[in-house]
Amino acid sequence: MSEDDQAPVIALRDVSRVYGEGEAAVRALRGVDLTIGRGEFVAIMGPSGSGKSTAMNIIGALDTPTGGSYRFLGADVGGFDRNQRALLRRDYLGFVFQGFNLLARTPAVENVELPLIYKGVGRAERRERAINTLKRVGLGHRLDKEPSQLSGGEQQRVAIARAIASEPEVLLADEPTGNLDTARSVEIMKLISRLNDEEGLTVIMVTHEPDMAEYAKRIVQFKDGLIEADAPNDAIRKPDMEQADVR
């Protein structure tokens, strides 16, 4: 994919998405404009059916718009075929989901190696990068533990390590704290914030939890398939964020 260094990472222009036809048609998105630059941390919020998950799926090249345009680093994703979209996901995007999606009975280090296998990284380099990435998320001492031997917060850290092991341009987090208690949720949000602040990773997160959205630098609110509000978040420097050390 040819990159434009001056282009925003994400640029949606008049994007619509319709499911079904005729009277049964559902307009999930109704002409959305959204631009996200490098290094941003954006929380996407909205009630069920607001279009936030549809927008996230389009950004993640898991779905395609019915109308409008989607550009990633200046490239027209709407013109990509299935293989090109798969390469976009493999080479530029890291995904973190609510359910962790780790391989059972597989050590943490091998879970993190998975995207590197798909990229054709050699065994020795793959293992080294997986170990270093687990250290980045504070799990250097849990390399050989299987998911069943890890807490929910640790499993999500492994999932984050897997998502960033291939050095993606954007981390897409879909309800990353949805299966965690409050303490573990804060732990994960501190980690994601550090990756954004210290490493410059662009983060786009879908969440329905206002407390978790407060960690983002910008909040985009969806309603009825449209962006209802889009503004900087003035609450991003919470005291516990300043004092925390999740390394």
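Quantities reported herein were computed from a predicted structural model and do not represent experimental measurements.

**Some thoughts on the overall build of the protein**
In step 1: Counting its secondary structure elements, the protein contains 8 helices and 10 strands.
In step 2: Its C-alpha atoms give the protein a radius of gyration of 18 Å, near enough to 18 Å, the size a compact globule of 247 residues would have.
In step 3: Along the three orthogonal principal directions, the C-alpha set of the protein runs to about 55 × 40 × 40 Å.
In step 4: Sequence-distant contacts, at least 24 apart, represent 72% of the contacts inside the protein between residues at least 6 apart.
In step 5: Put simply, the protein shows about 11600 Å² of open surface, and 44% of that area lies on carbon and sulfur atoms.
In step 6: Between the averaged position of the 32 positive side-chain charges in the protein and that of its 38 negative side-chain charges there is a distance of 4 Å.

**Regarding the pattern of salt bridges**
In step 1: Inspection of the entire model under this criterion finds 16 salt bridges.
In step 2: Salt-bridge contacts for Arg-129 lead to Glu-125; the nearest nitrogen and oxygen are separated by 3.3 Å. Taken together, the positions of Arg-129 and Glu-125, both in helix 4 (residues 123-136) and 4 residues apart, correspond to about one turn of that helix.
In step 3: Take Arg-129: its relative accessible area is 25%, and that puts it in the partly exposed class.
In step 4: Between Arg-136 and Glu-167 there is a salt bridge, with the nearest N and O atoms lying 3.2 Å from each other. Pair noted here: Arg-136 is in helix 4 and Glu-167 is in the loop between helix 5 (152-164) and strand 7 (170-174), with a separation of 31 residues, a long-range link.
In step 5: Connected via shared salt-bridge partners are Glu-40, Arg-218 and Asp-230.

**Examining the pairing of strand 2 (residues 26-36)**
In regular strands, side chains alternate between the two faces of the sheet.
In step 1: Direction of pairing for strand 1 (residues 10-19) relative to strand 2: antiparallel, over a ladder of 8 bridges. Paired with Ala-11 across the bridge in strand 2 is Thr-35.
In step 2: Counted between consecutive antiparallel strands, the loop separating strand 1 from strand 2 contains 6 residues, among which Gly-20 sits at a positive phi close to 85°.

Reading the values: the criteria
- Residues numbered from 1 in each chain as written.
- Predicted model: local features only at pLDDT ≥ 70, side-chain atom pairs only at ≥ 80, totals over all residues.
- Heavy atoms only, no water.
- Helix = DSSP H or I, 4+ residues; strand = E, 2+ residues; numbered from the N terminus.
- Rg over C-alpha atoms; globule rule 2.2 N^0.38 Å.
- Contact = heavy atoms within 4.5 Å.
- Areas by Shrake-Rupley, 256 points an atom, 1.4 Å probe, with all protein chains shown as cover.
- Lys, Arg positive; Asp, Glu negative; His and termini not counted.
- Charge placed at Lys NZ, Arg CZ, Asp CG, Glu CD.
- Salt bridge = Lys/Arg side-chain N within 4 Å of Asp/Glu carboxyl O.
- Buried < 20%, exposed > 50% of the residue type's maximum accessible area, 1.4 Å probe, protein only.
- Pairing = 2+ DSSP bridges.

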